[in-house]
Amino acid sequence: MNVKIEPSWGQLLAEEFEKPYFSELADFVRKEYSSVVCYPPAGKIFNAFNMCPVSQVKVVLLGQDPYHEPEQAEGLCFSVADGVPFPPSLQNIFKEIQSDLGTPPPASGSLLRWARQGVLLLNSTLTVRAHQAGSHAGKGWETFTDAVINLLARQSENLVFLLWGSYAQRKGAVINREKHLVLSSAHPSPLSAYRGFFGNHHFTLANDYLVQHGKSPIEW
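Everything numeric here is computed off the predicted structure, so don't read it as measured data. (Residues numbered from 1 in each chain as written. Predicted model: local features only at pLDDT ≥ 70, side-chain atom pairs only at ≥ 80, totals over all residues. Heavy atoms only, no water.)

Novice: What's the story with the pattern of salt bridges in this structure? I'm lost.
Specialist: Overall, the coordinates contain 4 salt bridges when judged by the stated rule. Two residues, R129 and E32, come together in a salt bridge whose shortest N-O distance is 2.6 Å. Of the two residues, R129 is situated in strand β4 (residues 128-129) and E32 in helix α3 (residues 20-35); the sequence distance between them amounts to 97 residues. Assessed through its relative accessible area of 26%, R129 is described here as partly exposed. A salt bridge links D146 to K171; the shortest N-O distance between them is 2.6 Å. Placement of D146 in helix α7 (residues 141-155) and of K171 in helix α8 (residues 166-171) is noted, with a sequence separation of 25 residues between them. With a relative accessible area of 32%, D146 lands in the partly exposed category. (Salt bridge = Lys/Arg side-chain N within 4 Å of Asp/Glu carboxyl O. Helix = DSSP H or I, 4+ residues; strand = E, 2+ residues; numbered from the N terminus. Buried < 20%, exposed > 50% of the residue type's maximum accessible area, 1.4 Å probe, protein only.)

What follows is the structure, encoded as structure tokens:
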């Protein structure tokens, strides 16, 4: 199947794109985008991959579902387009960065700057119907993103995986902790941030690990 994705990912995932489940998923997504409003825009479905080639990945941040309101989703987990108000979870992420690193919140909620430094901002499900959270769950995206995680974890060394919340932690259970740093905590949503997300120091811990393994730290 001809999937428009950054070439190094196209090569890594070539076998996945030929599997029957992915063909069914692609048919489903095409029908959805042609009949109802879906997010992110079709050209940004694979934005997390297009902005961060395989060889540049240093950190993997796992999200669950794209934002489902207008002009929010840009194909990167937790990220919103320039000029869009920060959703609550993103506000809490920036609060923890400020507490951990002393860095004030940025003017933009777009995390493209992270992606360009080697942070793969991967949602478990890459598309969603407008106003309907989780509406594209269970259609095949989870199988695809599980494959992404497994392939990265197997072929790479010394990556940092950020697993916030029980969903991400279950999805990341297969990661070899001897080859990679896996940082887990509560989710940054207002419902759980005070139960272990605030004060997790994941941004410092991630950068310390990257530097220890000869990689440049992320400017969070």
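Novice: Can you help me understand the layout of surface pockets in this one?
Specialist: Gaps left between atoms show up when a probe the size of a water molecule is rolled over them. Here the largest pocket is characterised by a volume of approximately 550 Å³. In terms of lining, the largest pocket is formed by 29 residues, of which the most central are Q64, D65, Y67, F78 and H187. Mapped onto the lining of the largest pocket, the elements with two or more residues apiece are β2 (59-63), α5 (88-101) and α8. Element by element, the count of residues in the lining of the largest pocket is highest for α8, at 3 residues. For the lining of the largest pocket, the class distribution of residues is 14 nonpolar, 12 polar and 3 charged. The space that makes up the second largest pocket amounts to roughly 370 Å³. Along its surface, the second largest pocket is lined by 16 residues, and V3, V29, A42, I45 and F46 are the ones closest to its centre. (1 Å grid on protein atoms, 1.4 Å probe; cavity = no way out; pocket = protein on both sides within 12 Å on 5 of 7 lines; lining within 4 Å. Points joined across faces, edges and corners; volume = space filled by probe spheres on them. Nonpolar A, V, L, I, M, F, W, Y, C, P; charged D, E, K, R; others polar.)

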